[in-house]
Amino acid sequence: MHIPVPSTLAPENWPFSLEYLPQPAYMVGGAVRDAILGRSREYLDLDFVIPSDAVKVARAIARRYQAGFVLLDAERKIARVVFPNATADFAQQEGDSLTTDLHRRDFTINAIAYNPYTQEIIDPLQGYADLEQRQLRMVSPINLANDPLRLMRAYRQAAQLGFTIEPTTQTTIRTLASHITEVAAERVRVEIGYLLASPQGTPWIASAVKDGVITHFFRNATPESCQKLAAVDKAAALLTKNWSQLGIELQQYVRDTVKTTWLGIAKLACLVHPNPEVAEIELQELTYSRAEIRAVTTALKLFPRLNLTNMSLREQYFLFQEAGIVFVATVVLALSNNTPVEVMSGNKSLSAYAPLISRYLNPDDLVAHATPLVSGKELIITLNIPASPVVGELLTEIAIARAEGKISTPAEAIAFVRKLV
Ligand SMILES: Nc1ccn([C@@H]2O[C@H](COP(=O)(O)OP(=O)(O)OP(=O)(O)O)[C@@H](O)[C@H]2O)c(=O)n1
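Please read all numbers here as calculations on a predicted model, not as lab measurements. (Residues numbered from 1 in each chain as written. Predicted model: local features only at pLDDT ≥ 70, side-chain atom pairs only at ≥ 80, totals over all residues.)

Considerations on the overall build of the chain
Moving on, step 1. On a plain count of helices and strands, the chain comes out with 20 helices and nine strands.
Moving on, step 2. The globule rule puts the C-alpha radius of gyration for 421 residues at 22 Å, and the 27 Å found for the chain is more than 25% above it.
Moving on, step 3. In terms of overall dimensions, the chain has C-alpha extents of about 85 × 50 × 40 Å along its principal axes.
Moving on, step 4. Counting only residues that meet the buried cut, the chain has 40% of its 421 residues in that class. (Helix = DSSP H or I, 4+ residues; strand = E, 2+ residues; numbered from the N terminus. Rg over C-alpha atoms; globule rule 2.2 N^0.38 Å. Buried ≥ 20, exposed ≤ 12 C-beta atoms within 10 Å, placed from the backbone.)

Spelled out as structure tokens, the structure:
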């Protein structure tokens, strides 16, 4: 079958000139797949297969273009050249022909090659037909077993491309699910990260839970946890769309922060064990950073408090102190833990959090963003008391009294604590 060559693949669009590639050389992988699909990529990520001297070729190109050079795998002879707006990987062909190399890859849609010299598309595994059917089909079960990260790649690529997983492939993934533990945890984390970052990933996380692939990391994850993920997507959309009282800049702020960071944190909080201490262990095993772990456990601890009615200013003050920047994720989690009817009906439940959100978004709010009227050192000197945790407690009382409107100047603050000590 003759497959037309998409114009986006042409060497004119590469960050280097074709003359630096030996003959033959092939472009493979995601760039070919996406070009055939007509998907534009923000950042060019090209993969080349070269029968011999791949690392040497990469080094020469890096030198010529003063680009970065990284030897990714000395044994398998894979090197990366990093240009300002693109990355190109050069890999030695696996086996004695391009066809053998393509047969060692993960999915048929990723096993299509392009020969820039002959302008041919080479597709021995009928990946093009699978692209047309919008499905991920494994090259073979052995290939998935040989590199079990491919199990996670299936869900991630299905989510990103809007594809399905071909049924036999999905059955094989289910059979091989336990092999996922052979993969370095951080590589699994990266794939999970993609799936958590957008609503398209949500049904695929649910699939991966059902197939038993990510339950090795989130032992407590159930179909119900996955329903919560969908609720987080809805809650986040609600928060970013319906927040019309906010000025345009603040709307933008909420939209950006919810999308980029807090969506993923709130979703992780749905997948981990509800006990923050167990959650911490699960996240450590997946090599999440301390900041991410803290964010998830804080949101888990605090979100029930957001549902309290008639919180005193004191309670609100402590809530904001504990939440810090995790406040947005905490709101998303609280919203998504409401009954589905409440979330669907939207504004009603969102409006319950409106006073707290307004405080958070106002940098001058004395409850959410308390600034000290006096310093600890001033208290020690003026009251002639020793340095101790009491000083911190007094500073807290000053901040709360200020938020309550009882005091507003440093002199009033000192007079206020004199009565306390
Ligand atoms: N575990 C892996 C990783 C990669 N590949 C092969 O190497 C190519 C390039 O890998 P990579 O750049 O990681 O992924 P892409 O498929 O290009 O796509 P994406 O950028 O969306 O991950 C893949 O297309 C696939 O042919 C593979 O077979 N198994």
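Let's pick the thread back up.
Some details on the site of the ligand
Moving on, step 1. Taken together, 13 residues are adjacent to the ligand, and G29, G30, R105, D106 and N110 come closest.
Moving on, step 2. Put simply, the parts of the chain that give the shell around the ligand at least two residues each are β2 (44-50) and α6 (149-161).
Moving on, step 3. Sorting elements by how many residues they give to the shell around the ligand places α6 first, with three residues.
Moving on, step 4. Considered class by class, the residues forming the shell around the ligand number three nonpolar, three polar and seven charged. (Near = placed C-beta within 6 Å. Nonpolar A, V, L, I, M, F, W, Y, C, P; charged D, E, K, R; others polar.)

Let's talk about the UniProt feature "domain: Poly A polymerase head" (unreviewed entry) in the chain
Moving on, step 1. Under the local residue numbering, the UniProt record ascribes the feature "domain: Poly A polymerase head" (unreviewed entry) to residues 25-137.
Moving on, step 2. End C-alpha atoms of residues 25-137 are separated by 25 Å, and the span's content is 28% helix alongside 33% strand. (UniProt positions renumbered as here; feature names shortened; annotations may be inferred.)

Thoughts on helix α8 (residues 185-196)
Moving on, step 1. Here α8 contains 12 residues, and its C-alpha end-to-end distance of 16 Å stays within 8% of the 16 Å for a straight helix at 1.5 Å per residue.
Moving on, step 2. Looking only at α8, the buried set comprises V188, E191, I192, L195 and L196. Here the buried residues of α8 occupy an arc of 140° about the axis, which is enough to place them on one side. (Expected span 1.5 Å × (residues − 1). Arc of directions from axis to C-beta.)

Thoughts on the packing of helix α12 (residues 276-285) against helix α13 (residues 290-306)
Moving on, step 1. Contact geometry for α12 and α13: axes closest at 10 Å, N-to-C directions at 155°. The angle between α12 and α13 places the two elements in the roughly antiparallel class. When you trace α12 past α13, the crossing you get is right-handed. Here P276, A279, E280, L283 and Q284 of α12 lie close against α13, whose contacting residues are E292, I293, V296, T297, L300 and K301. (Axes fitted to C-alpha atoms, helices over the stretch in contact; angles between N-to-C directions. Parallel < 35°, antiparallel > 145°, perpendicular 65-115°, else oblique. Left-handed = near helix turned anticlockwise from the far one by under 90°. Contact = placed C-beta atoms within 7 Å.)

Remarks on the nonpolar core
Moving on, step 1. Core analysis: the largest hydrophobic core is formed by 123 residues, its most contacted members being V296, A299 and V332.
Moving on, step 2. In this structure, this core is formed jointly by two domains, domain 1 (7-133) and domain 2 (376-420), each of which donates at least three residues.
Moving on, step 3. Not counting the four nearest positions on each side in its chain, A299 is found in contact with I265, A266, A269, V326, A329, T330 and L333. (Core = buried A, V, L, I, M, F, W, Y, C linked by C-beta atoms within 7 Å. Domains from an automatic or database assignment.)

Topic: the pairing of strand β5 (residues 86-92)
Moving on, step 1. With seven bridges joining them, β2 and β5 adopt parallel strand pairing. Directly across from D45, in β5, lies its bridge partner T87.
Moving on, step 2. The pairing of strand β4 (residues 78-83) with β5 spans six bridges and is classified as antiparallel. Within β5, the position partnered with A79 by the bridge is F90.
Moving on, step 3. Counting the residues in the hairpin turn of β4 and β5 gives two residues. (Pairing = 2+ DSSP bridges.)

So, helix α2 (residues 54-65)
Moving on, step 1. The end-to-end C-alpha distance of α2 is 17 Å, a good match for the 16 Å that 12 residues give at a rise of 1.5 Å each.
Moving on, step 2. Taken residue by residue, α2 has A54, V55, V57, A58, I61 and A62 as its buried positions. Down the axis of α2, the sector holding all buried residues measures 160°, keeping them to one side. Of the exposed residues in α2, the ones pointing more than 90 degrees away from its buried face are R63 and R64.
Moving on, step 3. Summarising the contacts, the buried residues of α2 are in contact with β2, β3 (68-73), β4 and β5.
Moving on, step 4. Count one or two residues on from α2 and you reach Q66, which has phi positive near 50°.

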